[in-house]
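Listed here are the chains, written in short residue letters.
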Amino acid sequence: MSANETPVLGPVLSAQHVTKQFRVAGGHITAVDDVSVDFHAGKVLAVVGESGSGKSTLARMLLRLMPVTSGTITYLGKDVTNISGRQLRAYWRDVQAVFQDPFASFNQFFTVGNMLSRSLKLADSSAESNDELIERCLGYVGLKPADALRKYPHQLSGGQRQRVMVARALMMNPKVLLADEATSMLDASLRVSVLNVLTDLRRELGLTVLFITHDIGQACYLADEVVVMEHGLVVERGTTDQVIFSPQNDYTKRLLADVPDLKGSLKSRR
Ligand SMILES: Nc1ncnc2c1ncn2[C@@H]1O[C@H](COP(=O)(O)OP(=O)(O)OP(=O)(O)O)[C@@H](O)[C@H]1O
Ligand SMILES: [Mg+2]
């Protein structure tokens, strides 16, 4: 199941009319409500919205970590909503994720080198090429393998830990990288460095990136397209320029009003 083997003209990954309801005391809540969104090859799509708007629930369904209540998820034109076993494992290699707290994903007793080679072994990668692959992927995220491989997680900064997690995801040669609040715990300068790593990867590796954030500033800095969610619904979508310069929805306008210097900083970047 690879984009190289299966040329598909449409989106790489797609959610069609996806809904998720959770049972809660006294009824249910609709965390994601009839959401359709397409992820195109080599593009960064940002999903932005305030806490509780349904971003992570949508991500978990796309990652096939949580079943949909209704709707369809397709990958390279194939329905993956209910795949299992070997097909699901292949899907999980192709669609990799990086989450908010990289510290939680580390075993504190393993060096970065141990952790990365164990991840590769678990994924059944061929043993001979592993060291080379690990070094290449650390290079992609701007870490010097000679330094990074020997380090324990507490010896890395938050930004470095997050880069190691991106490197781990890249080792699987994914087609899609999903980053759920992956830069939220970083301070401003480290955040920019991780955002720039993601931009470079999109350019160099043609990765399709799904970037989830509550921060419309980060979304617009990084993404080609922006989808805004509120209470489980998509309330706005468009190219980054459309969303910034001619937002249609009041909620989007409110989010944009919280980042007053956004237009200026984006104009100077382009
Ligand atoms: N397992 C669950 N059981 C019940 N309700 C849930 C569950 N997971 C999420 N929810 C609810 O679904 C809604 C959406 O949650 P979700 O985690 O997707 O939001 P989010 O946009 O990722 O928020 P944040 O920015 O805080 O990460 C929330 O109201 C949340 O309380
Ligand atoms: Mg979330």
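Structural data are supplied above this passage.
Only a predicted model underlies this, so the values are computations on that prediction, with no experimental measurement involved.

Caption draft 1: Spotlight on the layout of surface pockets. In this structure, the largest pocket encloses a volume near 740 Å³. As for the largest pocket, its lining consists of 26 residues, and the residues nearest its centre are Trp92, Gln96, Ser119, Arg168 and Met172. Mapped by element, the contributors of at least two residues to the lining of the largest pocket are helix H2 (85-94), strand S6 (95-98), helix H3 (112-122) and helix H6 (158-171). The class makeup of the residues in the lining of the largest pocket is 16 nonpolar, four polar and six charged.

Caption draft 2: Quick look at the nonpolar core. With 49 residues, the main nonpolar core has Leu116, Val164, Met171 and Phe211 as its most contacted residues. With seven residues, H6 is the single largest residue contributor to this core. When sequence neighbours within four positions are dropped, the list of residues in contact with Val164 reads Phe106, Val112, Met115, Leu116, Leu143 and Leu156. Judged by nonpolar contacts, the second largest core, of 31 residues, contains Ala15, Met61, Val80 and Val227.

Caption draft 3: Highlighting the site of ligand 1. Close contacts around ligand 1 come from 13 residues, with Ser51, Gly52, Lys55, Ser56 and Thr57 the closest. Between ligand 1 and the protein, one listed contact pairs an oxygen atom with a backbone N or O atom of Ser53 at 3.2 Å. In the environment of ligand 1, an oxygen atom lies 2.6 Å from a nitrogen or oxygen atom belonging to the side chain of Thr57. In isolation ligand 1 has 640 Å² of accessible area, and contact with the protein removes 62% of it. Counting residues per element, the ones that place at least two in the shell around ligand 1 are strand S2 (27-39) and helix H1 (55-62). Looking at the shell around ligand 1, the element that brings in the most residues is H1, giving four residues. Along the lines of polarity and charge, the residues of the shell around ligand 1 split into three nonpolar, six polar and four charged.

Caption draft 4: Representation of the packing of H6 against helix H7 (residues 188-205). Put simply, H6 and H7 touch, their axes get as near as 9 Å, and they point 20° apart. As judged from the angle between their axes, H6 and H7 are roughly parallel. The two elements H6 and H7 meet at a crossing, and its hand is right-handed. In contact with Gly159, Gln162, Arg163, Val166 and Leu170 of H6, H7 contributes Leu190, Ser193, Val194, Val197, Leu201 and Leu205. Grouping the amino acids of the contact of H6 with H7 by side-chain chemistry returns seven nonpolar, three polar and one charged.

Procedures and definitions
Each chain carries its own residue numbering, running from 1 in the direction its sequence is written. Written order decides the labels, with chains lettered from A and ligands numbered from 1. Side-chain atom pairs in this predicted model are given and counted only at pLDDT of 80 or more, local residue features only at pLDDT of at least 70, and totals for whole chains, interfaces and linings cover all residues. Computation of side-chain values: all heavy atoms of the structure, hydrogens and water removed. A 1.4 Å probe that fits into a set of points on a 1 Å grid over the protein atoms alone but cannot get out defines a cavity; an open set with protein on both sides within 12 Å along at least five of seven lines defines a pocket, and lining residues are those with an atom within 4 Å of a point. Grid points are joined across faces, edges and corners, and a volume is the space filled by probe spheres set on the points. Comment: elements are numbered from the N terminus, with helices defined as DSSP H or I runs of at least four residues and strands as E runs of at least two. Side-chain classes follow a simple rule in which Ala, Val, Leu, Ile, Met, Phe, Trp, Tyr, Cys and Pro form the nonpolar group, Asp, Glu, Lys and Arg form the charged group, and the remainder, Gly included, forms the polar group. In these notes, a set of buried Ala, Val, Leu, Ile, Met, Phe, Trp, Tyr and Cys residues joined through side-chain atoms within 4.5 Å is what counts as a nonpolar core. Exposure classes here rest on a 1.4 Å probe applied to the protein chains alone. A residue is buried below 20% of its type maximum, exposed above 50%, and partly exposed in between. Any two residues having at least one pair of non-hydrogen atoms within 4.5 Å are treated as being in contact. Residues are labelled near a given molecule or strand when at least one of their non-hydrogen atoms is within 4 Å of it. In protein, a polar contact means a hydrogen-donor-capable atom and an acceptor-capable atom, both N or O and within 3.5 Å, with residues adjacent in sequence counting only if both atoms are side-chain atoms; elsewhere, any N or O pair within 3.5 Å suffices. Using the Shrake-Rupley algorithm and a 1.4 Å probe, accessible areas are obtained, with residue cover drawn only from the displayed protein chains. To obtain each axis, a line is fitted to C-alpha atoms, and for helices this fit is confined to the stretch in contact; angles are then taken between N-to-C directions over 0 to 180 degrees. If an angle is under 35 degrees, it is roughly parallel; if it is over 145, roughly antiparallel; if it lies from 65 to 115, roughly perpendicular; otherwise it is oblique. The sense of a crossing depends on the near helix, which, turned anticlockwise from the far helix by less than a right angle, makes the crossing left-handed and, turned clockwise, makes it right-handed.

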